[in-house]
Amino acid sequence: MSIWSYANPRKFLDTTEPWVPWLMWLSAAVLAVGLVWGFFFTPEAERFGSSVKIIYLHVPSALMAINAWLMMLVASLIWLIRRHHVSALAARAAAPVGLVMTLIALVTGAIWGQPMWGTWWAWDPRLTSFLILFLFYLGYIALWAAIPDPDSAADLTSVLCLVGSVFAVLSRYAVNFWNQGLHQGASLSLDKQENVADVFWVPLLVCMAGFVLLFLALVLLRTGTEIRARRIGALRARARRSEPVRA
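The numbers attached to residues start from 1 for each chain and follow its sequence in the written order. Residues qualify for local features only when their pLDDT is at least 70, as the model is predicted, and side-chain atom pairs are given and counted only at 80 or more; totals for whole chains, interfaces and linings, by contrast, use all residues. Neither water nor hydrogens contribute to the side-chain values; these are computed over all heavy atoms in the structure.

1. Here's the deal with the overall build of the chain
Thought 1: Within the chain one finds seven helices and zero strands.
Thought 2: In sequence order, the secondary structure elements of the chain are arranged as α-α-α-α-α-α-α.
Thought 3: Remark: exposure states derive from per-residue accessible area (1.4 Å probe, protein chains only) relative to the maximum for the residue type, with buried under 20%, exposed over 50%, and partly exposed in between. Taken across its 247 residues, the chain has 41% of its residues classed as buried.
Thought 4: When contacts within the chain are restricted to residue pairs at least 6 apart in sequence, those whose partners lie at least 24 apart make up 75%.
Thought 5: When the accessible surface of the chain is totalled, it reaches about 13800 Å², and 68% of it is carbon and sulfur. Counting from the N terminus, the helices are DSSP H or I runs at least four residues long and the strands are E runs at least two residues long. Contacts are residue-level and defined by heavy atoms, with any inter-residue pair within 4.5 Å sufficient. For accessible areas, the Shrake-Rupley method is used with a probe of radius 1.4 Å. Any residue's cover is judged against the shown protein chains and nothing else.

2. Considering the environment of Ala65
Thought 1: Secondary-structure assignment places Ala65 in helix H3 (residues 55-82).
Thought 2: With 72 residues separating them along the chain, Ala65 and Tyr137 place their C-alpha atoms 9.7 Å apart.
Thought 3: Those residues in contact with Ala65 that sit more than four places away from it in its chain are Gly98, Met101, Thr102, Phe130, Leu133 and Tyr137.

3. Quick notes on the UniProt feature "transmembrane region" (unreviewed entry) in the chain
Thought 1: UniProt positions are given in the numbering used here, feature names are shortened, and annotations may be inferred rather than shown by experiment. Per the UniProt record, "transmembrane region" (unreviewed entry) is annotated on residues 20-41, 61-81, 93-115, 127-147, 159-179 and 199-221.
Thought 2: Across residues 61-81, helical content stands at 100% and strand content at 0%; the span's end C-alpha atoms are separated by 30 Å.
Thought 3: End C-alpha to end C-alpha, residues 127-147 measures 31 Å, and it is 95% helix and 0% strand.

4. Let's talk about the nonpolar core
The tendency in soluble globular proteins is for nonpolar side chains to be buried side by side.
Thought 1: We call a set of buried Ala, Val, Leu, Ile, Met, Phe, Trp, Tyr and Cys residues a nonpolar core when their side-chain atoms join them within 4.5 Å. Among the nonpolar cores identified, the biggest contains 35 residues, and Trp69, Met72, Phe130, Tyr137, Tyr140 and Phe215 are the most heavily contacted of them.
Thought 2: Those elements that provide at least two residues to this core are H3, helix H4 (85-117), helix H5 (125-146), helix H6 (150-177) and helix H7 (198-242).
Thought 3: Top contributing element to this core by residue count: H3, with 10 residues.
Thought 4: Core analysis: the next-biggest nonpolar cluster, separate from the first, contains 11 residues, Val86, Ala217, Leu220 and Ile227 among them.

This is the structure we're talking about:
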């Protein structure tokens, strides 16, 4: 069975809908374990004190903010190349989720930065690229809402997604591209000298898994909603065309 068969909206809904409640409950359980473990059962860090525990929200949300845009990029490319409506609607469905994840990352980063750096905000390469990514999310959502024709909206937002992908990559690798700024390197790394201690690392992985499951559940749920909304819109347009013209 080809993966492209799921471009059929009915097949997509029949396959994904039973999974959404399970993903919701599983993400809630995993997040509860990870956050309780991280906030209440890990020690304070030597240099950062209890403020280090913000990583259990900041790192997973930042990870999903970037990967949500990359998922939108893949879906947009599928739309541009193969013209599958489900892929365009999945990209649209992921945008508000990615926007919220980006906002959480920016807010928790500011909460972390104030006691650590003495400021809520700095024009650091990673912070700035993340702010631009947030604005791209807003622009993407606004562009979908501003264009009445769904296919034209999908075309233009797909192009916008291609451009915004540059900043999604910069948000992840800005510290590597520019060896300056306040933001530290990656919290998770193959380099043991850069990686966080195991006592923080394991609950952080659990939180990251919870955010991934939550993202999947929300995107599948919202994609189903977008498919139904598109179908309702098509039926209403057909009904308007079939109405008799009054003299």
